[in-house]
Amino acid sequence: MEEYAREPCPWRIVDDCGGAFTMGAIGGAIFQSVKGFRNAPSGMRRRLLGSLTAVKQRAPVIGGNFAVWGGMFSTIDCTLVHLRKKEDPWNSIISGAATGGILAARNGLPAMAGSAVIGGILLALIEGVGILFTRLSAEQFKPMNPQEDPSQLGMAPPGVGMQQNYQ
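Under an unreviewed UniProt entry, the protein chain has the name Mitochondrial import inner membrane translocase subunit TIM17 and belongs to Thermobia domestica. The UniProt entry for the protein chain carries this comment under Function (unreviewed entry): "Essential component of the TIM23 complex, a complex that mediates the translocation of transit peptide-containing proteins across the mitochondrial inner membrane." Database annotation for the protein chain, UniProt heading Subunit (unreviewed entry): "Component of the TIM23 complex, at least composed of TIM23, TIM17, TIM50 and TIM21."

Rendered as structure tokens:
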């Protein structure tokens with residue numbers, strides 16, 4: 001099974017930044033449309049206009065916040081790949097912790113440390129689930145020993161692997 005080939009680092013940063021913006025803008029549009037609908041004055045027309053106004057005002061901002069997070073994460077990840085000379089889950093975990101800490105730097109050292117811990121734990125969970133799914137799905141692609149079950153390869157002698165019950 002072939003692994004997903006990632007783009008080279010300068011393009012990976014741009015790609016991740018754009019993907020994060022898109023994800024944030026779509027998610028923000030959904031969230032803000034519901035919020036704008038609920039907070040608008042009564043009347044269907046007013047509620048729809050309130051929903052549309054909230055989406056136009058806030059969805060691009062949320063998308064931009066996601067883009068900043070995605071761009072910073074990818075930049076740190078690419079830097080770690082370059083410095084460590086290998087690409088493994090530790091790069092993502094460290095990148096998540098560093099990104100969380102850097103983005104919370106304006107709120108002081110305690111907030112910075114807390115955000116770094118949360119970012120590292122969150123990325124460790126994501127990487128752990130990814131590794132788990134990879135191992136579970138690898139079982140189905142595991143090559144079988146033809147001596148154990150020749151019917152799997154289509155080279156079984158007549159009658160082997162095709163047992164039928166006749167009554």
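Novice: Explain the packing of aromatic side chains to me, please; I cannot follow it from the model alone.
Specialist: The description of an aromatic ring pair rests on the distance of the ring centres and on the angle between the ring planes. Enumeration according to the criterion identifies one aromatic pair in this entry. Ring geometry for W69 versus F73: centroids 5.2 Å apart, planes at 10 degrees, classification stacked. Taken as a pair, W69 and F73 lie in helix α2 (residues 44–84) at a separation of four residues, close to a single helical turn. Here the guanidinium or amino end of R47 rests over the ring plane of F37, the centre of that ring lying 5.6 Å away.

Novice: Before we go on, may I ask you to explain the pattern of salt bridges in this structure?
Specialist: Close approach of charged atoms lets side chains of opposite charge pair. Scanning the entire structure with this criterion turns up three salt bridges. D77 serves as the salt-bridge partner of R12, at 3.9 Å between the closest nitrogen and oxygen. Highlighted residues: R12 in helix α1 (residues 9–39) and D77 in helix α2, separated in sequence by 65 residues. Residues E87 and R12 are paired through a salt bridge, measuring 3.5 Å at the closest nitrogen-oxygen approach.

Basis of the calculations
Residues numbered from 1 in each chain as written. Predicted model: local features only at pLDDT ≥ 70, side-chain atom pairs only at ≥ 80, totals over all residues. Heavy atoms only, no water. UniProt positions renumbered as here; feature names shortened; annotations may be inferred. Phe/Tyr/Trp six-rings, centres within 6.5 Å; stacked < 30°, edge-to-face > 60°. Helix = DSSP H or I, 4+ residues; strand = E, 2+ residues; numbered from the N terminus. Lys NZ or Arg CZ within 6 Å of the ring centre and 35° of its normal. Salt bridge = Lys/Arg side-chain N within 4 Å of Asp/Glu carboxyl O.

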